[in-house]
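Structural features, examined
Given next are the chains, with one letter for each unit.
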Amino acid sequence: MVALLIMVGVVGLHVLGEANRRAEDLVMLHRKIAAYRQIQHDTTGQLSNVASALLVPDERTLEATLRQLNQFGYDLDRLQFVAQDEVELFDRVRKEYDQFIQVVTRVVELIRDGKAAEGRELHLTQAGPLADRLERLTNELVNKAEAAMVARVEVNHAASLAARWVIIGFAVGSIGLALILGYAISWSLIGPVKQMDVQLRQIATGDFSFRVEVPNQDELGTLAANLNRMNEELGRLYHQLEAANRHKSEFLASMSHELRTPLNAVIGFSEVLLERLFGDLTAKQEEYLRDILDSGRHLLSLINDILDLSKVEAGKMELELGSFSLREALENGLTMVRERANRHGIALSLDVDPAIDVIEADERKVKQVVFNLLSNAVKFTPDGGQVGIRAALSDGEGRITVWDTGIGIAPEDQEQLFQEFQQVGGMSGEKREGTGLGLALAKKFVELHGGRILVESEVGHGSRFTFTLPIRLAPQPHLTPALAEPATAGPERDGPVALVVEDDAQSAELLRLYLEGAGCRVEMARDGEEGFDKARQLHPALLTLDLLLPKVDGWDLLVRLKEEPATHEIPVVIVSIVNQRGKGFALGAADYLVKPVSREELRNTLRRIGLTGQQREAASVLTIDDDPMAVELVEAILAGEGFRVLKAYGGEEGIAVARRESPALIILDLVMPDVDGFAVIEQLRADPATAAIPIVILTSKSLTPHEKERLNGEAAYLARKGEFSRATFVEMVRGLLPEAISEPVSQKRAAHNR
């Protein structure tokens, strides 16, 4: 830019200098013309004066004429300095004038001497021609000067045009150069700024590998260098945070196992003692045991909340989507708080929009959200109040509201409701229950589903917590033509009732023939609804279930059967083309047969569940765990129920016992030295002698998605240590064993005696 300005200045000075020089030349020409015209005028005047003096030969006139002629000579002498370029012509004028002066001087002398006639003759013959030539020369000087001036004017005009175009050219060039320089300068600013913007975006995504290379030595270069240093420092801190977060996750996983394992013993043995399996208890002993049990459960709840919160914050909490009845999930929540509500005279209510039926979401997390909200509602509602749930569809999403007539929440407290470890409400100075994590977890679980949670409350007028869920209604299966009632051959049988739930006529008829051949009385159901109704009416000794059913599919029917107290104990054998054995066993199926099913396969299943009339010994259950207390706890629970408990304190020993004893069920811990639970499962499933034994995972380990995938289809049930009651554990074991061998020995003997 400086060079451009210097060039413009130089060119401008040059143009101005040329214009000034041409102007000076014109001034000089103008002066010359003026001088030449003066000479021309003086010459004419001198000739006129000389002619007049000769006509009147007066001495004074003659003297004045000579003096004027000499003075004119001095003017010619001065003119020679002006007429530098007309020297030759001017020399001729000077020569002619000198001759003219000599002739006139001679004429004056002759007149003075009295020879006037001779003087006039000399004037006519010599002075006259000299005067004519002198006049022509001065005219020539004037004409030549005027011609030079005209030429110079034309030259000046052409030079002016050229100078104008030069200036225009320089102006255009300067503008273009300025634009180029401006573009270059702007890019020298924009380029680094864009690079820094890219780097900042990458920093925001957690990528610290990019560096800004800016050659500028100005403030931008300094800024880029500072940004690179900040990037390196943030990268270092980020890696440190990643390492710290990884260590925290490892610590939490380790502490989860280390804390849940002893809590499992505390809670389990407390329940065993409270069930009086080893004798009666005094009132004080029972009180202390209940305190121990409640404290253990409270500590377990706190551990679970902290672990769930850490998973959500680390982005490792994943949704396990499945289809379930929203109404049943809400009823489950009310059931869990009903005992406490009844103690305080709190009325519970439920209002569910019929349009919401089976939805697709994470059932466990939805139930936990509902339970957390209901627990708070019951906790902060005075005796005799009301707590309820409303669920409805609104703008394509489900709105579930938990309301109460409790003490309400002040506006200033509502802002911190969903923060971790924050508790609001309650009377001033009153010690508050809980950890302050329930609402925080509820909010995070709802947001994982893509919903939101809101609160409306007024002190003294209760509260309304509303959360939304993007409703994904489970697809309804297509209806199939009704089955023809199977023909009954001969009189009605007296054998055990077997209920076949199957919508395919040929498959249903084949199963009927197989079951009647095994001595069973067969009843048929065409769809899931009919199957559920008949199961409650008939209480069959066996129920075969296809998964692809109209109205209610097989999975939903299996869940309903296992949740209904009247049908919970019915052995369910899945007979389907869908091969999902792990899911079937996990939901409580007694066996799983994949179509096509042979008569021998069905007979083996009937033999396993005790429908062949043969008496069997008490079921053997193998527990594999490196923690002696966990093994003793399982033995204490199951032995009291009439089961034969086999014990192994490591993976290798457990595999050997399973191959030798062929237990009906295996209870397995995953975290063991040497051979862990995953390796035990792989070896058991690889051995034909143990491949079909149901396996229950009982562990305190928090499973990663990869570990859950490894267990998919291999384990019949997954339970956490410390999170089940004795009764629940026994029911789970019975649900995974055939009815005849899962019945306690004491009950068998009592039935036999009767």
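A brief report on the enclosed structure follows.

In a beta sheet, neighbouring strands are held together by backbone hydrogen bonds and run either parallel or antiparallel to one another. Reading across from one edge, 9-8-10-11-12 is the order of the 5 strands in this open sheet, with parallel pairing throughout. Lying at the two open borders of the sheet, with one neighbouring strand each, are strand 9 (521–525) and strand 12 (591–594). Along the sheet, successive strands turn relative to each other by an average axial angle of 20°, direction set aside. With 4 bridges joining them, strand 11 (residues 572–576) and strand 12 adopt parallel strand pairing. Bridge assignment links V575 to a residue of strand 12, and that residue is L593. Sheet contacts for helix 13 (residues 554–563): strand 8 (497–501), strand 10 (542–545), strand 11 and strand 12; angle to strand 11, the most-contacted strand, approximately 180°.

The next thing to look at is the packing of helix 7 (residues 326–343) against helix 8 (residues 363–379). Where helix 7 meets helix 8, the axes come as close as 9 Å, and the angle between the chain directions of the two elements is 30°. When the interaxial angle is binned, helix 7 and helix 8 end up roughly parallel. Of the two elements, helix 7 crosses helix 8, and the hand of that crossing is right-handed. Where helix 7 approaches helix 8, its residues A329, L330, N332, G333, L334, M336, V337, R340 and A341 are matched on the opposing element by K367, V370, F371, L374, S375, V378 and K379. For the contact of helix 7 with helix 8, the class distribution of residues is 10 nonpolar, 3 polar and 3 charged.

Turning to the sheet that holds strand 6 (residues 453–457), a few remarks are in order. Sheet architecture is open: 5 strands sit in the order 2-4-5-7-6, paired in mixed fashion. Two strands in the sheet have a free side with no partner beyond their single neighbour: strand 2 (347–352) and strand 6. Taken over all neighbouring pairs, the strand axes of this sheet differ in orientation by 15° on average, direction set aside. In this structure, strand 2 lies alongside strand 4 (residues 386–394), joined through 6 bridges in parallel fashion. Paired with L348 across the two strands is V387, which belongs to strand 4.

Examined against the element boundaries, D357 turns out to sit in the loop between strand 2 and strand 3 (358–361). Among the residues examined, D357 registers a relative accessible area of 41% and is labelled partly exposed. Along the backbone, D357 and L326 are 31 residues apart, and their C-alpha atoms lie at a distance of 6.1 Å.

Once that is clear, we can look at the packing of helix 17 (residues 651–661) against helix 18 (residues 677–686). Running from amino to carboxyl end, helix 17 crosses helix 18 at an angle of 25°, the nearest separation of the two axes being 10 Å. If you check the angle between helix 17 and helix 18, you find them roughly parallel. Relative to helix 18, the crossing made by helix 17 is right-handed. Contacts between helix 17 and helix 18 involve G651, I655, A658 and R659 from the first element and V680, Q683 and L684 from the second. For the contact of helix 17 with helix 18, the residue count by class is 4 nonpolar, 2 polar and 1 charged.

Let us look at the packing of aromatic side chains. In this structure the tally under the stated criterion is 0 aromatic pairs. K365 extends its terminal NZ or CZ atom over the ring of F445, reaching a point 5.8 Å from the ring centre. Over the aromatic face of F532 sits the side chain of R560, whose NZ or CZ is 4.3 Å from the ring centroid.

Turning to the side chain of T567, a few remarks are in order. As for its position among the elements, T567 is in the loop between helix 13 and strand 11. On the basis of relative accessibility, which here comes to 0%, the residue T567 falls in the buried class. If we skip the residues at most four places from it in the chain, T567 touches A535, R536, R560 and L561.

Its location among the elements puts T381 in the loop between helix 8 and strand 4. For T381, a relative accessible area of 5% translates into the label buried. A polar contact of 2.4 Å, which involves the side chain of T381, links it to the backbone oxygen of A377. Sequence-distant contacts of T381, defined by excluding residues within four places in its chain, comprise I346, Q386, V387, D404, T405 and G406.

Bringing the pairing of strand 8 into the picture now. Most of strand 8 sits out of view: 5 of its 5 residues are buried. Residues V497, L499 and V501 point to one face of strand 8 and A498 and V500 to the other, with burial holding for every one of them. In terms of strand pairing, strand 8 meets strand 9 through 5 bridges, oriented parallel. Of the residues in strand 9, the one forming a bridge with V497 is R521. For the crossover from strand 8 across helix 11 (residues 505–517) to strand 9, the handedness is right-handed. Strand direction decides the pairing type here: strand 8 and strand 10, joined by 4 bridges, are parallel. Pairing of L499 across the sheet is with L543, part of strand 10.

Thresholds applied
Residues numbered from 1 in each chain as written. Predicted model: local features only at pLDDT ≥ 70, side-chain atom pairs only at ≥ 80, totals over all residues. Heavy atoms only, no water. Pairing = 2+ DSSP bridges. Helix = DSSP H or I, 4+ residues; strand = E, 2+ residues; numbered from the N terminus. Axes fitted to C-alpha atoms, helices over the stretch in contact; angles between N-to-C directions. Contact = heavy atoms within 4.5 Å. Parallel < 35°, antiparallel > 145°, perpendicular 65-115°, else oblique. Left-handed = near helix turned anticlockwise from the far one by under 90°. Nonpolar A, V, L, I, M, F, W, Y, C, P; charged D, E, K, R; others polar. Buried < 20%, exposed > 50% of the residue type's maximum accessible area, 1.4 Å probe, protein only. Phe/Tyr/Trp six-rings, centres within 6.5 Å; stacked < 30°, edge-to-face > 60°. Lys NZ or Arg CZ within 6 Å of the ring centre and 35° of its normal. Polar contact = N/O pair within 3.5 Å; in protein donor to acceptor, adjacent residues only side chain to side chain. Right-handed = clockwise from strand over helix to strand, strands pointing away.

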